[in-house]
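Observations on the three-dimensional arrangement
Listed below are the residues making up each chain.
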Amino acid sequence: MAPAIEIEHVSKRSRLYHEQFTSLKERILHGGKVPFEDFWALKDINLSIEHGESIGLLGHNGSGKSTLLKCIAGIIRPTEGEIRSSGRLAALLELGAGFQPDLSGRENIFLNASILGMKRVEIEKRLDEIVDFAGEEVERMIDNQVKYYSSGMYVRLGFAVAINVDPDILLVDEVLAVGDEAFQRKCLDRVSSFQRYGGTLIVVTHSPDMVRQVCTRAAALNHGEMIEVGDPNDVIRTFRERLMTGVYSVDDVDDAEMVKSELSPLWHEVEITAVEVVYAEPPRETVRSGEPLQFRIAYRAGGADVTDIVAGIALYNSMGQLVYGTNSHLMGQDLDPVRGQGVISFNIKDLPLLDGTYRLTVGLHNLGGLQYDHWEQQVPFQVAAPGRDIGIARLETTIEVEADGTIGGGGPVFTRSGRADKPGPADQPGSGDKPGRAEKTAGPGTAG
Amino acid sequence: MASQSSELRTTGAKVTLRSRIVDIVAYRELLVNLVRKELKVRYKNSVLGFMWSLVNPAVTIGVFYIIFTLVLPNSIPYFVLFLMSGVLIFNMFQNGTAAAVGSVVGNGSLVKKVWFPREILPLAAVGATFVDFLLQSSVLVIAFAAVRWRVGWGYLPLVPLAIVVALLFTTALAVWLAAVNVKYRDMQHFLGIALMVWFWGTPIIYGFEQVAHRLSRYHLTWLPLLNPYAIVCLSFQRALYNRRVVNAGKPTQTVLLPNHGYLWYVGVLLLVGAVSSILLVGAMRVFRNSEGNFAEEL
């Protein structure tokens, strides 16, 4: 059987015109020669993707990853080379692309599905499923014009149509990060069931965490070249260490401004001027699990002592979940009064976190809780973990097999139907009686 | 997943015309759906709905009647019917190409995000105007029936043939225009003017022979026949209006249509049909060659 996608020596040249000469007159005035510059968006890409594989294309903006995806989808034709695909291909580049605001939801399902290459009989068979997937709200308004839909409903209907086209190959361009959390979960569930049934998935993203979550293989692109293909963890590590140094792009930071809307009367009496992330082994701008990490918060206060200052930090993972938070008050430390400029440091001893991008929130407030300054998830830092374990925290775990071993005597025992013995007052959550998933050994010892 | 379809597709620097045609045929349902959408959207939120398609020719007939019998009377009997014989089919050409020229540009959001054979877009534009033309023709039929006009029954088979030829020619231009307009947006402005000139250059408001006999002095009788749409309109007029010479025998006698038989019409129609087919193939080549960059140019 032919591979799902076979990319052979694909290059794509884009012509950047120095000025926008799109009319005939302008071209004639310039004697048919408009100054331009050739720019290779893709350079000799070779990649073979087997059926059932899930591959993530990683890269920054302008790396060519989206161009490659569009070439695979057939939206853009490569300048050189060839892409062969076998199987029905559906691209989720934009949900609800081509929805007609004046048509009803039902009419749009038919139109959109036929744009995606579905036959009328197929659509009719799947109509209920599509409407069902889009959710109750959409179902109620299915015969209303789409222009009356909320943007959430619009996206839900778009995804419902696209995923129900029943593709063999699904191309996804970061669209899964849409809608509310419940719907996102639903989408991811649907994508993973698509994978389970042998579908081929190609995801374009700049988020290594997304690749780790859904992909079996990854490819990193930089300036139109494929710099590495292989196991997601290896590729992500390369990507982090080679390509992400110093490029915590500004586009992620804007939200932070929002938080300042609730200004306290003490706002900026003490100001955070900068935050430094001190990694264990500079210049490597990642921290490995088990290594120490230091956050240095530079502040500037007025001429008078500020006596009741409390400094706090909070770490969030890429899903926006709070991983850890503390402050000097909770730590039982009364900080010395501050005046003028200075630095407050938080030292984390053995960072027990998994691979990923995290964000640091720092704040200064007084004992009464009134804020001096607050940076919400504004400081990113990278953790590179060697293993493939999953979850939020990295727990040092060992595993052993006891032949002829029995359970009981140690702690509470659970059977399928619930707790086997009566809960006693001395019960404590058992440790070590239920090794989690099939990790062999994992721990900071293997890092570095 | 469930479907084990073995759809093989190759995207390379070069795409054969044949594979494009295979793609278009495979997406014929989309074509139908887009035509349906076009018509639905056009009359959405209007009380009369598709009746508007009928109001237009009906009012045109009324206006022409008033102008050419009361304001500027001429000697041609039922001049309105002569006019309408040519106007409707020319409108199809005019509206079809005008809708097609912006069809790719106007659907930019779609073209940039979803793959499908983009030729479908101008085809759907022509398709929608064709459906419109069929609706409008019913008004024409009513008008002819109302005055119990004696149409040329023997020439009537020319009508479907002329429609097919007109469709071929319109489609060829539509596909070419849609592709060229992506790069040179001048096209859509230029087209409006070109169509106006084309309309007056086609024997619709005047009879073919009225021009031809003046040109005969310079041996240029063949010149208007180079206009493919002149032949389409002539065929319509011959079959429907069915009067070659009006007011015969009187001093004001006017010759409208050339003195040719049925076979001549069939012959020239087939010739125009063949030329249009070649043009269509050429247009599809142009479209295919520029299609790969549509997503970037929009």
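Secondary structure summary: chain A contains ten helices and 19 strands in total. Looking at chain A as a whole, 37% of its 448 residues are labelled buried. Counting only contacts in chain A whose residues sit at least 6 apart along the sequence, the fraction spanning at least 24 positions is 72%.

Right, let's talk about the environment of Tyr78(B) for a bit. Residues and elements named next belong to chain B. By the element assignment, tyrosine 78 lies in the loop between α3 (51-71) and α4 (79-101). The spatial distance from the C-alpha of tyrosine 78 to the C-alpha of lysine 183 is 46 Å, given a sequence separation of 105 residues. Tyrosine 78 has contacts with Val147 and Trp149, leaving out every residue within four places of it along the chain.

Quick look at the interface of chain B and chain A now. The figure often quoted for interface size is the accessible area lost as the parts come together. Taken together, the contact pairs 33 residues of chain B with 44 residues of chain A. Counting residues per element, the side of chain B that touches chain A draws most heavily on helix α2 (residues 28-42) of chain B, which supplies six residues. For the side of chain B that touches chain A, the residue count by class is 13 nonpolar, nine polar and eleven charged.

What follows is about the domain arrangement of chain A. Residues and elements named next belong to chain A. The domains assigned to chain A are domain 1 (5-243) and domain 2 (262-384). For domain 1 versus domain 2, the distance between C-alpha centres works out to 38 Å. In this assembly, six residues from domain 1 lie in contact with eight residues from domain 2. Counting residues per element, the ones that place at least two in the side of domain 1 that touches domain 2 are α8 (208-214) and α9 (232-243). The residue inventory of the side of domain 1 that touches domain 2, partitioned by class, reads no nonpolar, one polar and five charged.

All names here are of chain A. An order of β5-β6-β7-β3-β8-β9 is seen for the six strands of this open sheet, with the pairing classed as mixed. Each edge of the open sheet carries a strand with a single partner, namely β5 (89-92) and β9 (225-230). Strand-to-strand, the axes of this sheet are offset by a mean angle of 15°, without reference to chain direction. As defined by bridge partners, strand β6 (residues 169-173) adjoins strand β7 (residues 200-205) across five bridges and the pair is classed as parallel. For isoleucine 169, the partnering residue across the bridge sits in β7 and is threonine 200.

Further remarks concern the environment of Ala4(A). Residue and element names in this part refer to chain A. Structurally, alanine 4 is set in the segment before β1 (5-17). On the neighbour-count criterion, alanine 4 (23 C-beta atoms within 10 Å) is buried. Measuring from C-alpha to C-alpha, the distance between alanine 4 and threonine 200 comes to 7.2 Å, with 196 residues separating the pair along the chain. Beyond its immediate stretch of four places on either side in the chain, alanine 4 contacts Ile49, Glu50, His51, Ser85, Ser86, Gly87, Asp168, Ile169 and Thr200.

Strands pair in a sheet through their backbones, by hydrogen bonds, and they do so in one of two ways: parallel or antiparallel. Residues and elements named next belong to chain A. As summarised here, the arrangement of the three strands in space is β10-β12-β15, forming an open sheet in which the pairing is antiparallel. The open sheet has two edge strands, β10 (270-278) and β15 (341-348), and neither has a second partner. Direction aside, the axes of adjacent strands within the sheet are offset by 20° on average. Strand direction decides the pairing type here: strand β12 (residues 293-301) and β15, joined by eight bridges, are antiparallel. In the sheet register, tyrosine 299 faces β15, and the bridge partner there is glycine 342.

Criteria and cut-off values
Residues numbered from 1 in each chain as written. Chains lettered and ligands numbered in written order. Predicted model: local features only at pLDDT ≥ 70, side-chain atom pairs only at ≥ 80, totals over all residues. Helix = DSSP H or I, 4+ residues; strand = E, 2+ residues; numbered from the N terminus. Buried ≥ 20, exposed ≤ 12 C-beta atoms within 10 Å, placed from the backbone. Contact = placed C-beta atoms within 7 Å. Nonpolar A, V, L, I, M, F, W, Y, C, P; charged D, E, K, R; others polar. Domains from an automatic or database assignment. Pairing = 2+ DSSP bridges. Axes fitted to C-alpha atoms, helices over the stretch in contact; angles between N-to-C directions.

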